[in-house]
Amino acid sequence: MLHKSAREIQSYQSLLPEEIHVRTVQAKEALGHHLVILGHNYQRDEVIEFSDFQGDSLKLARISSELSDRKYIVFCGVSFMAETADILSPSNQVVILPDLAAGCSMADMAELEDVETVWESLCAIFPAEEKVMPVVYVNSTAELKAFCGTHGGITCTSSNAQSVFRWAFEHREKILFFPDEHLGRYTAKSIGLKESDLLVWDPSLPNGGHTPEEIRQATVLLWKGFCSVHLMFRPEHVRAFRSNYSDLKVIVHPECCEGVVEQADLVGSTELIIQTVSNSAPGTTWAIGTELNLVNRLKRIHADKKIFFLSPTVCQCSTMFRIDPIHLLWAIENLVDGHVVNRISVPADEKWWAGRALDRMMSLGF
Ligand code: 13P
Ligand code: SF4
(Lines give C-alpha, C1' and ligand atoms only; values in the text may rest on other atoms or scores of the structure.)
(Ligands and ions follow the chains in the order given, each with its own letter.)
Protein backbone atom coordinates (compact mmCIF):
# COMPACT_ATOMS: atom_id res chain seq x y z
CA MET A 1 0.00 0.00 0.00
CA LEU A 2 1.28 3.47 -0.86
CA HIS A 3 1.59 5.94 2.01
CA LYS A 4 0.92 9.59 1.36
CA SER A 5 3.76 11.90 2.36
CA ALA A 6 3.02 14.83 4.69
CA ARG A 7 1.13 17.66 3.07
CA GLU A 8 3.12 20.85 2.44
CA ILE A 9 1.88 24.15 3.90
CA GLN A 10 2.57 25.91 0.54
CA SER A 11 -0.27 24.03 -1.12
CA TYR A 12 -2.71 25.66 1.34
CA GLN A 13 -1.77 29.28 0.65
CA SER A 14 -4.18 29.73 -2.26
CA LEU A 15 -7.25 28.27 -0.51
CA LEU A 16 -10.29 30.50 -0.14
CA PRO A 17 -11.62 31.15 3.41
CA GLU A 18 -14.84 29.19 2.73
CA GLU A 19 -12.86 26.18 1.53
CA ILE A 20 -10.59 26.33 4.59
CA HIS A 21 -13.68 26.47 6.79
CA VAL A 22 -15.39 23.47 5.17
CA ARG A 23 -12.22 21.34 5.20
CA THR A 24 -11.47 22.21 8.83
CA VAL A 25 -14.97 21.07 9.84
CA GLN A 26 -14.47 17.83 7.87
CA ALA A 27 -11.00 17.13 9.33
CA LYS A 28 -12.28 17.74 12.86
CA GLU A 29 -15.15 15.34 12.21
CA ALA A 30 -12.78 12.72 10.80
CA LEU A 31 -10.56 12.88 13.89
CA GLY A 32 -13.52 12.93 16.27
CA HIS A 33 -12.67 12.22 19.90
CA HIS A 34 -8.97 11.65 19.09
CA LEU A 35 -8.51 15.39 18.72
CA VAL A 36 -8.89 18.36 21.00
CA ILE A 37 -8.15 21.92 19.86
CA LEU A 38 -7.25 24.42 22.56
CA GLY A 39 -7.35 28.17 21.87
CA HIS A 40 -5.74 30.88 23.97
CA ASN A 41 -7.89 33.97 24.53
CA TYR A 42 -5.62 36.03 22.24
CA GLN A 43 -6.29 33.91 19.18
CA ARG A 44 -8.13 35.43 16.26
CA ASP A 45 -11.85 34.64 15.89
CA GLU A 46 -11.36 32.40 12.82
CA VAL A 47 -9.22 30.11 14.99
CA ILE A 48 -11.20 30.41 18.24
CA GLU A 49 -14.25 29.28 16.28
CA PHE A 50 -12.68 25.80 15.94
CA SER A 51 -11.26 25.47 19.43
CA ASP A 52 -13.02 23.02 21.75
CA PHE A 53 -11.80 24.95 24.80
CA GLN A 54 -10.67 28.55 25.19
CA GLY A 55 -8.99 30.19 28.12
CA ASP A 56 -6.00 31.84 29.74
CA SER A 57 -2.75 29.99 30.22
CA LEU A 58 -3.74 28.47 33.56
CA LYS A 59 -7.13 27.24 32.38
CA LEU A 60 -5.64 25.68 29.25
CA ALA A 61 -2.82 24.05 31.25
CA ARG A 62 -5.41 22.50 33.57
CA ILE A 63 -7.59 21.35 30.68
CA SER A 64 -4.62 19.77 28.89
CA SER A 65 -3.74 17.84 32.06
CA GLU A 66 -7.29 16.44 32.17
CA LEU A 67 -7.54 15.19 28.58
CA SER A 68 -5.32 12.13 28.64
CA ASP A 69 -7.93 10.24 26.57
CA ARG A 70 -7.24 12.43 23.51
CA LYS A 71 -4.54 11.29 21.13
CA TYR A 72 -3.81 14.78 19.77
CA ILE A 73 -3.82 18.20 21.43
CA VAL A 74 -3.58 20.93 18.81
CA PHE A 75 -2.58 24.02 20.76
CA CYS A 76 -3.55 27.33 19.22
CA GLY A 77 -1.40 29.61 21.32
CA VAL A 78 2.34 30.11 21.65
CA SER A 79 5.18 27.65 22.17
CA PHE A 80 5.48 27.89 25.96
CA MET A 81 1.78 26.96 26.26
CA ALA A 82 2.21 23.94 23.98
CA GLU A 83 5.30 22.90 25.96
CA THR A 84 3.33 23.17 29.19
CA ALA A 85 0.59 20.97 27.70
CA ASP A 86 3.23 18.41 26.69
CA ILE A 87 4.80 18.45 30.18
CA LEU A 88 1.41 17.89 31.80
CA SER A 89 0.28 15.16 29.42
CA PRO A 90 1.23 11.47 29.18
CA SER A 91 4.12 10.66 26.86
CA ASN A 92 1.93 8.88 24.29
CA GLN A 93 -0.16 12.01 23.78
CA VAL A 94 0.89 14.26 20.89
CA VAL A 95 0.91 18.04 21.29
CA ILE A 96 1.02 20.13 18.13
CA LEU A 97 1.68 23.83 17.63
CA PRO A 98 0.30 24.68 14.16
CA ASP A 99 3.08 27.22 13.47
CA LEU A 100 6.43 26.69 15.18
CA ALA A 101 7.22 30.39 14.79
CA ALA A 102 4.53 31.21 17.37
CA GLY A 103 6.87 32.01 20.25
CA CYS A 104 6.79 34.63 23.01
CA SER A 105 9.33 37.46 22.98
CA MET A 106 9.14 37.76 26.77
CA ALA A 107 9.89 34.06 27.25
CA ASP A 108 12.96 34.55 25.04
CA MET A 109 14.32 37.17 27.45
CA ALA A 110 15.53 34.60 29.97
CA GLU A 111 17.84 31.81 28.87
CA LEU A 112 18.87 28.90 31.04
CA GLU A 113 22.54 29.86 30.95
CA ASP A 114 21.75 33.36 32.26
CA VAL A 115 19.47 32.05 35.00
CA GLU A 116 22.18 29.60 36.07
CA THR A 117 24.68 32.47 36.21
CA VAL A 118 22.31 34.43 38.46
CA TRP A 119 21.91 31.43 40.72
CA GLU A 120 25.70 31.05 40.98
CA SER A 121 25.99 34.76 41.85
CA LEU A 122 23.38 34.32 44.58
CA CYS A 123 25.09 31.18 45.90
CA ALA A 124 28.31 33.20 46.25
CA ILE A 125 26.49 35.66 48.53
CA PHE A 126 24.33 33.34 50.67
CA PRO A 127 22.99 29.77 50.65
CA ALA A 128 20.55 30.45 47.81
CA GLU A 129 19.00 26.98 47.92
CA GLU A 130 17.80 27.67 51.50
CA LYS A 131 16.93 31.33 51.15
CA VAL A 132 15.68 31.97 47.60
CA MET A 133 12.63 30.45 45.94
CA PRO A 134 12.91 30.50 42.14
CA VAL A 135 9.49 31.39 40.72
CA VAL A 136 9.08 31.27 36.97
CA TYR A 137 6.21 32.78 35.02
CA VAL A 138 4.74 30.13 32.69
CA ASN A 139 5.73 32.48 29.86
CA SER A 140 9.13 30.79 29.79
CA THR A 141 10.87 27.85 28.14
CA ALA A 142 10.49 24.33 29.51
CA GLU A 143 14.15 24.34 30.56
CA LEU A 144 13.54 27.27 32.92
CA LYS A 145 10.58 25.44 34.43
CA ALA A 146 12.90 22.45 34.83
CA PHE A 147 15.47 24.70 36.53
CA CYS A 148 12.79 25.71 39.04
CA GLY A 149 11.73 22.11 39.53
CA THR A 150 15.32 21.13 40.30
CA HIS A 151 15.73 23.91 42.87
CA GLY A 152 12.48 23.37 44.77
CA GLY A 153 10.84 26.19 42.83
CA ILE A 154 7.46 26.73 41.25
CA THR A 155 5.72 28.18 38.19
CA CYS A 156 2.95 30.78 38.21
CA THR A 157 0.55 32.37 35.76
CA SER A 158 -0.97 35.82 35.79
CA SER A 159 -4.06 34.41 37.52
CA ASN A 160 -2.33 32.76 40.49
CA ALA A 161 0.89 34.72 41.01
CA GLN A 162 -0.23 36.15 44.37
CA SER A 163 -1.01 32.71 45.83
CA VAL A 164 2.27 31.37 44.43
CA PHE A 165 4.25 34.25 46.00
CA ARG A 166 2.57 33.59 49.37
CA TRP A 167 3.42 29.89 49.08
CA ALA A 168 7.03 30.79 48.20
CA PHE A 169 7.36 32.98 51.30
CA GLU A 170 6.07 30.16 53.49
CA HIS A 171 9.10 28.13 52.38
CA ARG A 172 11.93 30.62 51.80
CA GLU A 173 12.58 34.25 52.67
CA LYS A 174 13.33 35.60 49.17
CA ILE A 175 12.00 35.14 45.64
CA LEU A 176 13.89 35.19 42.35
CA PHE A 177 11.17 35.93 39.80
CA PHE A 178 11.68 35.68 36.04
CA PRO A 179 11.23 36.68 33.27
CA ASP A 180 8.61 39.49 33.70
CA GLU A 181 9.65 42.39 35.91
CA HIS A 182 6.19 43.95 35.71
CA LEU A 183 4.10 40.96 36.77
CA GLY A 184 6.64 40.41 39.54
CA ARG A 185 6.42 43.99 40.81
CA TYR A 186 2.63 44.07 40.65
CA THR A 187 2.35 40.74 42.48
CA ALA A 188 4.90 41.63 45.18
CA LYS A 189 3.20 44.95 45.90
CA SER A 190 -0.27 43.46 45.88
CA ILE A 191 0.75 41.18 48.75
CA GLY A 192 2.17 44.07 50.76
CA LEU A 193 5.81 44.46 49.72
CA LYS A 194 7.30 47.90 49.05
CA GLU A 195 9.50 49.17 46.24
CA SER A 196 12.45 49.12 48.68
CA ASP A 197 11.98 45.33 49.04
CA LEU A 198 12.45 44.82 45.29
CA LEU A 199 15.57 44.74 43.16
CA VAL A 200 15.55 44.68 39.37
CA TRP A 201 18.14 42.18 38.14
CA ASP A 202 19.76 43.08 34.83
CA PRO A 203 21.12 39.76 33.56
CA SER A 204 23.62 41.55 31.29
CA LEU A 205 25.45 43.02 34.32
CA PRO A 206 27.59 41.26 36.94
CA ASN A 207 25.45 40.59 40.03
CA GLY A 208 22.51 42.04 38.10
CA GLY A 209 24.06 45.50 38.58
CA HIS A 210 24.03 45.38 42.40
CA THR A 211 26.33 45.09 45.37
CA PRO A 212 26.19 41.93 47.51
CA GLU A 213 24.78 44.09 50.33
CA GLU A 214 21.89 45.33 48.13
CA ILE A 215 21.16 41.73 47.17
CA ARG A 216 21.18 40.62 50.82
CA GLN A 217 18.69 43.38 51.67
CA ALA A 218 16.24 42.61 48.84
CA THR A 219 13.20 40.36 49.27
CA VAL A 220 12.23 39.91 45.62
CA LEU A 221 14.69 39.88 42.73
CA LEU A 222 12.93 40.82 39.50
CA TRP A 223 14.38 39.72 36.19
CA LYS A 224 14.53 42.68 33.79
CA GLY A 225 12.16 41.23 31.17
CA PHE A 226 8.92 42.52 29.67
CA CYS A 227 6.13 42.02 27.19
CA SER A 228 6.46 44.57 24.41
CA VAL A 229 2.73 44.25 23.63
CA HIS A 230 1.66 45.27 27.14
CA LEU A 231 4.28 47.99 27.52
CA MET A 232 2.53 49.87 24.72
CA PHE A 233 -0.12 50.87 27.25
CA ARG A 234 1.00 54.05 29.01
CA PRO A 235 -0.24 55.94 32.10
CA GLU A 236 -1.18 58.91 29.90
CA HIS A 237 -3.57 56.66 27.96
CA VAL A 238 -5.44 55.88 31.17
CA ARG A 239 -5.56 59.58 32.07
CA ALA A 240 -6.83 60.53 28.60
CA PHE A 241 -9.68 57.98 28.79
CA ARG A 242 -10.63 59.06 32.30
CA SER A 243 -10.85 62.71 31.29
CA ASN A 244 -13.14 61.83 28.36
CA TYR A 245 -15.44 59.34 30.11
CA SER A 246 -16.36 60.03 33.71
CA ASP A 247 -17.94 56.62 34.36
CA LEU A 248 -15.24 54.59 32.61
CA LYS A 249 -13.63 51.52 34.18
CA VAL A 250 -10.10 50.49 33.31
CA ILE A 251 -9.09 46.82 33.37
CA VAL A 252 -5.57 45.70 32.46
CA HIS A 253 -3.31 42.67 32.37
CA PRO A 254 -0.56 42.62 35.06
CA GLU A 255 2.15 42.57 32.38
CA CYS A 256 1.45 46.32 31.96
CA CYS A 257 3.89 48.77 33.57
CA GLU A 258 3.38 50.00 37.12
CA GLY A 259 2.08 53.43 36.09
CA VAL A 260 -0.78 51.69 34.26
CA VAL A 261 -1.70 49.00 36.80
CA GLU A 262 -1.67 51.62 39.60
CA GLN A 263 -4.33 53.65 37.85
CA ALA A 264 -6.48 50.70 36.73
CA ASP A 265 -9.71 49.74 38.50
CA LEU A 266 -8.98 46.05 37.99
CA VAL A 267 -5.89 44.02 37.12
CA GLY A 268 -5.95 40.38 36.08
CA SER A 269 -5.43 37.57 33.62
CA THR A 270 -7.15 37.39 30.26
CA GLU A 271 -9.78 35.12 31.80
CA LEU A 272 -10.52 37.61 34.59
CA ILE A 273 -10.80 40.39 32.01
CA ILE A 274 -13.31 38.35 29.97
CA GLN A 275 -15.40 37.37 33.02
CA THR A 276 -15.44 40.89 34.47
CA VAL A 277 -16.41 42.64 31.24
CA SER A 278 -18.96 39.94 30.34
CA ASN A 279 -20.63 40.16 33.75
CA SER A 280 -20.81 43.96 33.82
CA ALA A 281 -24.13 45.74 33.34
CA PRO A 282 -25.30 46.85 29.88
CA GLY A 283 -24.16 50.40 29.17
CA THR A 284 -20.92 50.02 31.16
CA THR A 285 -17.87 51.71 29.64
CA TRP A 286 -14.51 49.90 29.63
CA ALA A 287 -10.96 50.66 28.53
CA ILE A 288 -9.04 47.40 28.30
CA GLY A 289 -5.27 47.03 28.42
CA THR A 290 -4.47 43.72 26.81
CA GLU A 291 -4.00 42.13 23.39
CA LEU A 292 -6.02 43.54 20.50
CA ASN A 293 -7.76 40.38 19.24
CA LEU A 294 -9.27 39.73 22.64
CA VAL A 295 -10.43 43.32 23.06
CA ASN A 296 -11.97 43.35 19.58
CA ARG A 297 -13.80 40.09 20.33
CA LEU A 298 -15.20 41.52 23.57
CA LYS A 299 -16.34 44.58 21.61
CA ARG A 300 -18.18 42.42 19.10
CA ILE A 301 -19.80 40.14 21.68
CA HIS A 302 -20.85 42.96 24.01
CA ALA A 303 -22.35 45.50 21.67
CA ASP A 304 -24.49 46.71 24.62
CA LYS A 305 -21.30 48.01 26.34
CA LYS A 306 -18.83 50.68 25.32
CA ILE A 307 -15.46 48.97 25.02
CA PHE A 308 -12.18 50.66 24.10
CA PHE A 309 -8.68 49.42 23.48
CA LEU A 310 -6.55 51.32 26.00
CA SER A 311 -3.75 52.35 23.60
CA PRO A 312 -4.15 54.66 20.57
CA THR A 313 -1.54 52.46 18.83
CA VAL A 314 -2.59 49.06 17.56
CA CYS A 315 -0.56 46.43 19.39
CA GLN A 316 -1.32 42.80 18.84
CA CYS A 317 0.79 39.82 19.79
CA SER A 318 2.33 39.07 16.41
CA THR A 319 3.47 35.61 17.47
CA MET A 320 -0.01 34.56 18.65
CA PHE A 321 -1.22 35.83 15.28
CA ARG A 322 1.06 33.34 13.48
CA ILE A 323 -1.57 30.70 14.19
CA ASP A 324 -4.06 31.13 11.40
CA PRO A 325 -6.80 29.01 9.80
CA ILE A 326 -4.35 27.78 7.14
CA HIS A 327 -1.85 26.39 9.67
CA LEU A 328 -4.64 24.89 11.74
CA LEU A 329 -6.12 23.10 8.71
CA TRP A 330 -2.69 21.96 7.52
CA ALA A 331 -1.90 20.48 10.96
CA ILE A 332 -5.17 18.59 11.34
CA GLU A 333 -5.44 17.35 7.74
CA ASN A 334 -1.99 15.85 8.17
CA LEU A 335 -3.28 14.08 11.29
CA VAL A 336 -6.17 12.69 9.26
CA ASP A 337 -3.55 11.30 6.84
CA GLY A 338 -1.60 9.83 9.77
CA HIS A 339 1.19 12.44 9.74
CA VAL A 340 2.20 14.44 12.78
CA VAL A 341 3.59 17.87 11.89
CA ASN A 342 5.00 20.47 14.32
CA ARG A 343 5.01 18.20 17.35
CA ILE A 344 6.13 19.88 20.57
CA SER A 345 8.03 17.34 22.57
CA VAL A 346 9.91 18.31 25.71
CA PRO A 347 12.88 15.98 26.41
CA ALA A 348 12.05 13.41 29.12
CA ASP A 349 14.41 14.67 31.84
CA GLU A 350 13.38 18.30 31.34
CA LYS A 351 9.74 17.22 31.27
CA TRP A 352 10.09 15.46 34.61
CA TRP A 353 11.71 18.41 36.38
CA ALA A 354 9.50 21.04 34.77
CA GLY A 355 6.58 18.86 35.80
CA ARG A 356 7.65 19.17 39.46
CA ALA A 357 7.48 22.98 39.26
CA LEU A 358 4.11 22.88 37.47
CA ASP A 359 2.73 20.27 39.90
CA ARG A 360 3.60 22.50 42.86
CA MET A 361 1.58 25.27 41.26
CA MET A 362 -1.34 23.00 40.33
CA SER A 363 -1.44 21.49 43.81
CA LEU A 364 -2.14 24.95 45.28
CA GLY A 365 -5.55 24.37 43.70
CA PHE A 366 -7.05 27.18 41.67
P1 13P B 1 -2.96 34.84 30.50
O2 13P B 1 -2.37 33.75 31.31
O3 13P B 1 -3.60 35.91 31.31
O4 13P B 1 -3.86 34.31 29.45
O5 13P B 1 -1.77 35.62 29.76
C6 13P B 1 -0.88 35.01 28.92
C7 13P B 1 -0.09 36.01 28.19
O8 13P B 1 0.77 35.65 27.42
C9 13P B 1 -0.34 37.40 28.41
O10 13P B 1 0.44 38.18 27.57
FE1 SF4 C 1 4.33 36.77 25.12
FE2 SF4 C 1 3.44 39.27 25.34
FE3 SF4 C 1 2.53 37.70 23.38
FE4 SF4 C 1 1.80 37.25 25.92
S5 SF4 C 1 1.30 39.06 24.66
S6 SF4 C 1 2.46 35.72 24.42
S7 SF4 C 1 3.71 37.82 26.98
S8 SF4 C 1 4.66 38.44 23.66
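Just above, that's the structure.
Since this is a predicted model, take the numbers as computed values, not measurements. (Residues numbered from 1 in each chain as written. Chains lettered and ligands numbered in written order. Predicted model: local features only at pLDDT ≥ 70, side-chain atom pairs only at ≥ 80, totals over all residues. Heavy atoms only, no water.)

Participant: Sorry if this is basic, but what is going on with the sheet that holds strand E1 (residues 35–40) here?
Facilitator: Strand-to-strand pairing in sheets goes through backbone hydrogen bonds, with the strands running parallel or antiparallel. Strands sit in the order E2-E1-E3-E4 across an open sheet of 4 strands; the sheet is parallel. For this open sheet the edge positions go to strand E2 (53–55) and strand E4 (94–96), each flanked by a neighbour on one side alone. Neighbour-to-neighbour, the strand axes of this sheet turn through a mean angle of 20°, independent of strand direction. (Pairing = 2+ DSSP bridges. Helix = DSSP H or I, 4+ residues; strand = E, 2+ residues; numbered from the N terminus. Axes fitted to C-alpha atoms, helices over the stretch in contact; angles between N-to-C directions.)

Participant: What is the right way to read the site of ligand 1 from this model?
Facilitator: The environment of ligand 1 is formed by His40, Tyr42, Asp56, Ser57, Asn139, Ser158, His230, His253, Glu255, Ser269 and Thr270. A distance of 2.8 Å separates an oxygen atom of ligand 1 from a polar side-chain atom of Ser158. Take Glu255: an N or O atom from its side chain is 2.9 Å from an oxygen atom of ligand 1. Burial of ligand 1 by the protein amounts to 96% of the accessible area it has alone, namely 300 Å². Looking at side-chain class alone, the shell around ligand 1 contains 1 nonpolar, 8 polar and 2 charged residues. (Near = heavy atom within 4 Å. Polar contact = N/O pair within 3.5 Å; in protein donor to acceptor, adjacent residues only side chain to side chain. Areas by Shrake-Rupley, 256 points an atom, 1.4 Å probe, with all protein chains shown as cover. Nonpolar A, V, L, I, M, F, W, Y, C, P; charged D, E, K, R; others polar.)

Participant: Would you take a moment to explain the packing of helix H3 (residues 57–65) against helix H4 (residues 79–88) for this structure?
Facilitator: Each packed pair of helices is defined by two parameters, the angle between the axes and the distance between the axes. Contact geometry of H3 with H4 gives a least axis separation of 8 Å together with a crossing angle of 30°. The handedness of the crossing between H3 and H4 is right-handed. Every residue of H4 that contacts H3 at Ser57, Ala61, Ser64 and Ser65 is listed here: Met81, Thr84, Ala85 and Leu88. In terms of residue class, the contact of H3 with H4 is built from 4 nonpolar, 4 polar and no charged. (Left-handed = near helix turned anticlockwise from the far one by under 90°. Contact = heavy atoms within 4.5 Å.)

Participant: Explanation requested: the packing of helix H8 (residues 161–171) against helix H9 (residues 181–190) in the structure shown.
Facilitator: Closest axis-to-axis distance for the H8/H9 pair is 9 Å, and the angle between their directions is 70°. One way to sum up the angle between H8 and H9 is to call them roughly perpendicular. Like other packed secondary-structure pairs, H8 and H9 cross with a definite hand, here right-handed. Residues Ala161, Gln162 and Phe165 of H8 touch H9, and the partners they reach there are Leu183, Gly184, Tyr186, Thr187, Ala188 and Ser190. (Parallel < 35°, antiparallel > 145°, perpendicular 65-115°, else oblique.)

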